[in-house]
Structures are given as structure tokens and as C-alpha cells.
Number of protein chains: 2
Amino acid sequence: MGDVATHRRDELLAAAEELFARRGFQATSVREIADAMNIQAGSLYAHIETKEDLLWEILTAAADRFFDAINPVVGSDLVTIEKLRRAIAAHVGVITNSVKSAAVYSTEWRHLTEPHRSEFAARRDEYEKLFRSMVREAIREGALGDVDEKFATLLILSSINWIYQWYSPEGPMTPEDIARRITDLLLNGLRRAGT
Amino acid sequence: MGDVATHRRDELLAAAEELFARRGFQATSVREIADAMNIQAGSLYAHIETKEDLLWEILTAAADRFFDAINPVVGSDLVTIEKLRRAIAAHVGVITNSVKSAAVYSTEWRHLTEPHRSEFAARRDEYEKLFRSMVREAIREGALGDVDEKFATLLILSSINWIYQWYSPEGPMTPEDIARRITDLLLNGLRRAGT
DNA sequence: TTGCCTACCTAGCGCTTGTTAGGTAAACTT
DNA sequence: AAGTTTACCTAACAAGCGCTAGGTAGGCAA
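Residues numbered from 1 in each chain as written. Chains lettered and ligands numbered in written order. Predicted model: local features only at pLDDT ≥ 70, side-chain atom pairs only at ≥ 80, totals over all residues. Heavy atoms only, no water.

### Digging into the overall build of chain A
Rule in force here: Runs of H or I in DSSP of at least four residues are treated as helices and runs of E of at least two as strands, each being numbered from the N terminus. Buried, partly exposed and exposed residues are distinguished by accessible area as a fraction of the type maximum, computed with a 1.4 Å probe on protein chains only: under 20%, between the cut-offs, and over 50%, respectively. Residue contacts follow a heavy-atom distance rule, with two residues in contact if any of their heavy atoms lie within 4.5 Å. Residues counted as positive are Lys and Arg, residues counted as negative are Asp and Glu, and His and the chain ends are not counted. In this description, the location of a charge corresponds to atom NZ of lysine, CZ of arginine, CG of aspartate or CD of glutamate.
Along its length, chain A carries eight helices and zero strands. Sequence-ordered secondary structure for chain A, helices as α and strands as β, is α-α-α-α-α-α-α-α. Projecting the C-alpha coordinates of chain A onto the three principal axes gives extents of approximately 65 × 35 × 30 Å. Buried residues in chain A amount to 49% of all 195 residues. Partitioning the intrachain contacts of chain A with sequence separation of at least 6 by distance along the chain shows that 69% fall at a separation of at least 24. Seen as two clouds, the 24 positive and the 30 negative side-chain charges of chain A have centres 6 Å apart.

Right, dumping it as C-alpha cells:
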């Protein structure tokens, strides 16, 4: 498979991703994906085996980016609270770098069938565990309050995951702004200090 | 339409809601909904005009419950920060009272077609505005810090909306527990006080 | 020049979809 | 008893779905 083929396949994945993010996997037909490529539906099968291949590749590529971003943070020697800050920033960076990818990652995985679905669930759990470990450690060190570690982890992840619903590169905030603000709000709270 | 018909229609909406929450609107066929009712697909049309009717009714019923819960809080004479606390608790109460309904409310609205889709978007915006007003007021009164009101509002709503993804009536936390914890975390932050 | 490969084409195929239309048993009303 | 209504039945219908198979133009290699 040469560069042209790889390029076309990337184009195909990008078209599929955009449509899956906007309409949902099930509501998107292979004919619509082919239309976006200016080819016929039958032609897609020169690049893929099944429609689900597209979803699987989009989801595993997104998962790879999340892990690639967070692993250096987890493996660093930073104090735990700073690790947590950096991990949030890394996650936000991945989301803002590809909002559509993040949207598909959050919402379309349930359309996977076995064995892909279990594999994806295992990866997502693994990723969540990385955050949960940092939270547990930060609680143990006294950097975080006496909060339920699972609850706190879910709060953090759900707060940063909704960013794909509103972030726009054209918006006023940079990804760094967003990461800093959301980390401050999560760690320090919305309340005015001293009240 | 008598009690029996109303009962059957409620049963139909409940079956549809359960399947839409678990599989998604598009991935759920009217045959599957009919199967859940022990009737044939064609029989559904004695109760509904179209498949979308089901989604529309589920979503508008959910929106009604959110507004019914929050309007008394908004119209009360409480200080704003206490209003916000109560509004969050009211929202959490609606979610925990019907997790499936909340799931459909959060994820399936995009399968609505016009004019339902615009109507739904308008209602959701109206609801968000109620929260945003309280946040703006709390910032103005100094109860909340110098945070972006839109950002803070989105943080609050997204944090409480993910509850449908993990809450179970069989779980260890009551809805009141959850509401208190999440409000504390959002207002006071995850960080240990004094650090 | 010939043969091979690739990325597309067309033309389906078998299946599923949402929905409709005519029918009917049972319950209810007159 | 007769007529009406309701909630279901069956049997489609038309459209769209994911995918396959045979074909081909163009590019490339021998």
C-alpha cells in the first residue's frame, strides 16, 4: 500500500469521523461516507473490510493519542498533584487537537460489536485507572481532600470530556487556557476563596 | 382513549426509552420495541404516528421534569448560592429518578428532525440560561470567584449530567449524597482545604 | 509491448427498515 | 341484536442498508 493509498485511507477515516461525530455511527450510511469522498459506496471496500472497521480504527487511534499524551506524565518524577495537572492538560490537549475524534470516542463506542467492544472497554478502563491512581496518591499525600477517589476521578474525567461539545479552535480560549481554568476550578472550586 | 390505552402507551414509551438509552435511537428498530411489548411492529402505529414520536415524547417528558424540578428553586427567595445548591440537587434528583430518561435526554436528541430539533434546542438553551443566571448572580454577589460564567455553567451542567452513566439505585450513594458531594466538590474544589 | 496492480466503477443481492392497509376479535354502546 | 370502537393481527410495500462480484482505466514494472 503506497502513499496515495494511505492518503486516501486517511481521507476516508477523516470523512467517516466527521460524519460519525455529527450524526452518529448508525445514522451514517456507507453511501454518505462515499459521497464525502466523491466515490461510490462499493468502492469503499477497496479500503476497508466492513463499516465497523472505520469506527474501530477511529476509536483505537483516539485511544492511542490519549495514552501517548498521558504516559509520559504518569512516568515522570513530578509530585502527584502536578502530575494530575499535567495529565488533565494532556487530555485536554488531545481533545482540542481533534474535537471530532473526541466526540466519536465519547459517544460511538457502544456501536462496536465483540470482540472490539470488550477490547475498547478494557482500554478505557485502563486509561481511567491511570487517573484514579493519581487521585488516590494525591489523596494519600494530603494534596487532595478526603474525597471518594472513584467519584473524584469520574468528576475529573467527565468534566474534561465535555469539552468536545463546545470547544472551537476559533473560540477565545486556547487549549492551555482551558486546561488551566478547568484544573483550577476542579482543584480550587468555583467558590470565591475565603468564603 | 381510556386507562388501558394510556397504560399501554406508557408501557410503550418505557420500552422505547430503555432501548434508546441502551442502544441508541437509530440502532433500535420499531420491531425491537414491539418485541418488548409482545406485539407486532405494525401494531405500534395504533399508538404512534412515527418512530420519531417516541423520541420526541421521551425527550419532552424529560425536559418537563427538569423544568418542574428547577422552577420552584429559581423562583424562591433563597440567597443565590443556596439556590444554586438546590438547583444542582433538583437536577441530580431528576437524573437519579430515571437514569434511562436522562441518558436519552443527553445523547439522542440529535436524531430529532425539524421542527422538533429546534424546539428541543431552544428548551435546552432556556434551561441552561436558568443555571447561567444563577451563576452570574453568585459571581456578582461575590459568592463565586472571578470565573467565566459560561465556562462555570458548562462545568456544572456537564459534571452533573454524567451521573446517568454510573448511578445505580442499588449503589451505595443516595441521590442526596450525590448532590451534596458534587456540589461541595464543585464549589470547594477537590483540593484539601488550606493547601 | 505485455502483464500486473490498484482504486475505482456498475449492478446488483439479500436483508432490514419504517410504515400502511385491510382485517378481526373482543369489549362496549345503543 | 346490531353497530361501533379499539388494539391488535397479517401481509405486504417502497426504500435504503451493508456488502459482493465482475469489470476497467490508468499507472507502473519487467
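### Looking at the nonpolar core
Put simply, the test is: Put simply, a nonpolar core is a bunch of buried Ala, Val, Leu, Ile, Met, Phe, Trp, Tyr and Cys residues held in one set by side-chain atoms that sit within 4.5 Å of each other.
If you look at the biggest cluster of nonpolar residues, it comprises 136 residues, and the most contacted ones within it are F131(A), L190(A), F131(B) and L190(B). Apart from residues lying up to four places away in sequence, L190(B) is in contact with L144(A), G145(A), V147(A), A152(A), L155(A), I156(A), L186(A), L187(A) and L185(B).

### Remarks on unusual backbone geometry
E114(A) connects to P115(A) through a cis peptide bond whose omega is 5 degrees. Locating P115(A) in the fold gives a position in the loop between α5 (99-107) and α6 (116-140). Even without a glycine there, the phi angle at N38(B) is positive, about 60 degrees. Within the secondary structure, N38(B) sits in the loop between α2 (30-36) and α3 (51-74). For N38(B), a relative accessible area of 72% gives the class exposed.

### Looking at the domain arrangement of chain A
All names here are of chain A. Rules: In this document the domain limits rely on a domain assignment from an automatic tool or a database. A simple way to read buried area is as the amount of 1.4 Å-probe accessible surface that goes missing from two parts once joined, with both sides added. Salt bridge criterion: a side-chain nitrogen from Lys or Arg within 4 Å of a carboxyl oxygen from Asp or Glu.
When its domains are assigned, chain A resolves into domain 1 (1-48) and domain 2 (50-188). Taking the mean C-alpha position of each, domain 1 and domain 2 sit 27 Å from one another. Each partner contributes to the interface: domain 1 provides 17 residues, whereas domain 2 provides 15 residues. When domain 1 packs against domain 2, the two sides together hide about 1500 Å² of surface, and 71% of this comes from carbon and sulfur. If you sort the residues of domain 1 by the area they bury against domain 2, E17, F25 and I48 come out on top, with a joint share of 42%. Linking domain 1 to domain 2 there are two salt bridges.

### Let's talk about the relation of the copies chain B and chain A
Operational definition: Copy-to-copy alignment: least squares on C-alpha atoms, limited to residues at pLDDT 70 or above in both.
Once turned by 180 degrees and shifted 0.0 Å along the axis, chain B lies on chain A with an RMSD of 0.0 Å. Classification of the inter-copy transformation places it as that of a two-fold axis. Judged by C-alpha distance, G189(B) is the residue of chain B that lies nearest the rotation axis, at 1.7 Å. Looking at chain B, 100% of its interface residues are interface residues in chain A too, so the copies touch through the same face.

### Some words on the pattern of salt bridges
Close approach of charged atoms allows side chains with opposite charge to pair. All names here are of chain A. For the structure shown, the criterion picks out 26 salt bridges over all chains. Two residues, R123 and D64, come together in a salt bridge whose shortest N-O distance is 2.9 Å. Here R123 is found in helix α6, whereas its partner D64 is found in helix α3 (residues 51-74), with 59 residues between them in sequence. Take R123: its relative accessible area is 26%, and that puts it in the partly exposed class. Where salt bridges share partners, they join E18, R22 and K100 into one cluster.

### Regarding the packing of helix α4 (residues 80-97) of chain A against α6(A)
Residue and element names in this part refer to chain A. To be explicit about the condition: Convention adopted: a line fitted to C-alpha atoms gives each axis, helices being fitted over their contacting stretch, and angles between N-to-C directions are expressed from 0 to 180 degrees. Roughly parallel here means an angle under 35 degrees, roughly antiparallel means over 145, roughly perpendicular means 65 to 115, and every remaining angle is called oblique. With the far helix as reference, a near helix turned anticlockwise by less than a right angle produces a left-handed crossing, and one turned clockwise produces a right-handed crossing.
The N-to-C vectors of α4 and α6 enclose an angle of 150 degrees; their axes lie 9 Å apart at closest approach. Classed by the angle they form, the pair α4 and α6 counts as roughly antiparallel. Seen from above, α4 lies across α6 with left-handed handedness. On α6, the residues that touch T80, K83, L84, A87, I88 and H91 of α4 are Y127, F131, M134, V135, E137 and A138.

### Topic: helix α4 (residues 80-97) of chain B
Residue and element names in this part refer to chain B. Short version of the rule: A helix is expected to span 1.5 Å for every residue after the first.
Its 18 residues give α4 an end-to-end C-alpha distance of 25 Å, which sits within 8% of 26 Å, the value for a rise of 1.5 Å per residue. Listed in full, the buried residues belonging to α4 are T80, I81, K83, L84, A87, I88, A90, H91, V92, V94, I95 and T96. In the core, the buried residues of α4 are packed alongside α3, α5 (99-107), α6 (116-140), α7 (149-161) and α8 (175-188).

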